Amino acid sequence: MNKTFEEAMNFRHACKEFDISRKIPKDDIEFVLNAGIQSPTSYGLEFTKYLVIENNELKNRIQNASMNQEQVSQCSHLVVVLVRIDDAKIKSGTPKQRFERLNLPDETLNFFLDMYGQFSQTHLKDDKDIYHWTSKQAYISIGNMMTAAAVKGIDSCPLEGFEKDKIEEILELNNSSFQVALVLPLGYRNRDPRDSIRLDYKEVVEFIS
Ligand SMILES: Cc1cc2nc3c(=O)[nH]c(=O)nc-3n(C[C@H](O)[C@H](O)[C@H](O)COP(=O)(O)O)c2cc1C
């Protein structure tokens, strides 16, 4: 049975040890990935891609490029979250194609394209800018995927401790097309986590009325 939102939030922790004998059922992994896909993106442009790795040899190689963190090979499914670089550029034609899905009148379509063009000129000056902008959005989808996983009793561990260039090489990615934002092992915990540690509500929340 699905966990409630509150139960899922309490269940989730950064899982360091997965049970290697347990595989996530197909329906559940699809549920998690769909939570990622359903997440909001700037201008609705969707520049995130999810590589789902089940192959053990590949997982082992990625673990080597991830500070040897064992979650990477022990998990059931390793999601490598990618962002699209060239596709974010106006000249690729992709932004136009994405906007066209909205079936807008020409005038409105051109308004959106102009707005995105101006945004690109000031905020997306090079591939590095695009990587950071698209990664911020990918992280929103990763948050949703982790909560969706928890709803199904699936554990996760967001992982930034990796050598980006090495993983891109292992996955034979052309980094003009795709770059790695984050690595997300998914599976089932081997043991109970320690209690969650958080700052006090009052220390991190401030209301201004
Ligand atoms: C962006 C990001 C990167 C992280 N990278 C790693 C990592 O490389 N390895 C790891 O074991 N945990 C990693 N974590 C997990 C955090 O250490 C963990 O979320 C934090 O200590 C709080 O613990 P909790 O999630 O269990 O409540 C990362 C978390 C985030 C949000």
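Residues numbered from 1 in each chain as written. Predicted model: local features only at pLDDT ≥ 70, side-chain atom pairs only at ≥ 80, totals over all residues. Heavy atoms only, no water.

K.L.:
Sorry, what's going on with the overall build of the protein here?
P.N.:
What the protein contains, in helices and strands, is nine helices and four strands. Each helix and strand of the protein, ordered N terminal to C terminal, gives the series α-α-β-α-α-β-α-α-α-β-α-β-α. Seen through its principal axes, the protein has C-alpha atoms that stretch 55 × 50 × 35 Å. Buried residues in the protein amount to 43% of all 209 residues. Taking all contacts inside the protein whose residues are at least 6 apart in sequence as the whole, residues at least 24 apart take part in 80%. Looking at the protein as shown, the accessible area adds up to about 12,600 Å², and 49% of this sits on carbon and sulfur atoms. (Helix = DSSP H or I, 4+ residues; strand = E, 2+ residues; numbered from the N terminus. Buried < 20%, exposed > 50% of the residue type's maximum accessible area, 1.4 Å probe, protein only. Contact = heavy atoms within 4.5 Å. Areas by Shrake-Rupley, 256 points an atom, 1.4 Å probe, with all protein chains shown as cover.)

K.L.:
I'm lost on the packing of aromatic side chains in this one. Help?
P.N.:
The relative placement of two aromatic rings is captured by the distance of their centres and the angle of their planes. The full count for this structure, using the stated rule, is ten aromatic pairs. Relative to Phe119, the ring of Tyr43 lies with its centre 5.7 Å away and its plane at 55°, an arrangement referred to as tilted. Pair noted here: Tyr43 is in the loop between helix H2 (26-37) and strand S1 (48-53) and Phe119 is in helix H6 (residues 106-123), with a separation of 76 residues, a long-range link. Residue Tyr43 is classed as partly exposed on the basis of its relative accessible area of 27%. Residue classification places Phe119 among the buried residues on the basis of a relative accessible area of 17%. Here the aromatic rings of Phe99 and Phe112 are separated by 5.5 Å at their centres, their planes lie at 20°, and the arrangement is stacked. (Phe/Tyr/Trp six-rings, centres within 6.5 Å; stacked < 30°, edge-to-face > 60°.)

K.L.:
Help me understand the pairing of strand S4 (residues 178-187), please; the structure alone is not making it clear to me.
P.N.:
The side chains of a regular strand alternate between the sheet's two faces. Among the ten residues that make up S4, ten are buried, leaving the element largely enclosed by the rest of the structure. As paired elements, strand S2 (residues 77-84) and S4 share eight bridges and run antiparallel to each other. Each bridged residue has a counterpart across the sheet, and for His77 the counterpart in S4 is Leu186. (Pairing = 2+ DSSP bridges.)

K.L.:
What is the right way to read the packing of H2 against helix H7 (residues 127-151) from this model?
P.N.:
Two numbers describe a pair of packed helices, the interaxial angle and the distance between the axes. Across the interface, H2 lies against H7 with an axial gap of 8 Å and an inter-helix angle of 150°. By the angle between their directions, the pair H2 and H7 is classed as roughly antiparallel. In this structure, H2 meets H7 at a crossing whose hand is right-handed. Facing H2, whose interface residues are Phe31, Val32, Leu33, Ala35 and Gly36, H7 presents Ser141, Asn144, Met145, Ala148, Ala149 and Val151. Tallied by class, residues from the contact of H2 with H7 come to eight nonpolar, three polar and no charged. (Axes fitted to C-alpha atoms, helices over the stretch in contact; angles between N-to-C directions. Parallel < 35°, antiparallel > 145°, perpendicular 65-115°, else oblique. Left-handed = near helix turned anticlockwise from the far one by under 90°. Nonpolar A, V, L, I, M, F, W, Y, C, P; charged D, E, K, R; others polar.)

K.L.:
Help me out: how do you make sense of the site of the ligand in this one?
P.N.:
Inspection of the region around the ligand gives 13 residues, with Arg12, Ala14, Lys16, Gln69 and Arg198 positioned closest. Between an oxygen atom of the ligand and a main-chain N or O atom of Gly161, the distance comes to 3.0 Å. If the ligand stood free it would expose 620 Å²; the protein chains cover 63% of that surface. Taken together, the residues of the shell around the ligand break down into five nonpolar, four polar and four charged. (Near = heavy atom within 4 Å. Polar contact = N/O pair within 3.5 Å; in protein donor to acceptor, adjacent residues only side chain to side chain.)

K.L.:
Can you help me understand the pattern of salt bridges in this one?
P.N.:
Opposite charge on two side chains permits pairing when their charged atoms draw close. Here the structure, examined in full by the defined rule, presents eleven salt bridges. For Asp127, the salt bridge is made with Lys89, and the minimal N-O distance between the two is 2.8 Å. Placement of the pair is Asp127 in helix H7 and Lys89 in the loop between S2 and helix H5 (94-100), with a sequence separation of 38 residues. By relative accessible area, Asp127 is classed as partly exposed at 27%. Connected through shared salt-bridge partners, Asp86, Lys89 and Asp127 make up one network. (Salt bridge = Lys/Arg side-chain N within 4 Å of Asp/Glu carboxyl O.)

The analysis is restricted to geometry; functional conclusions fall outside its scope.
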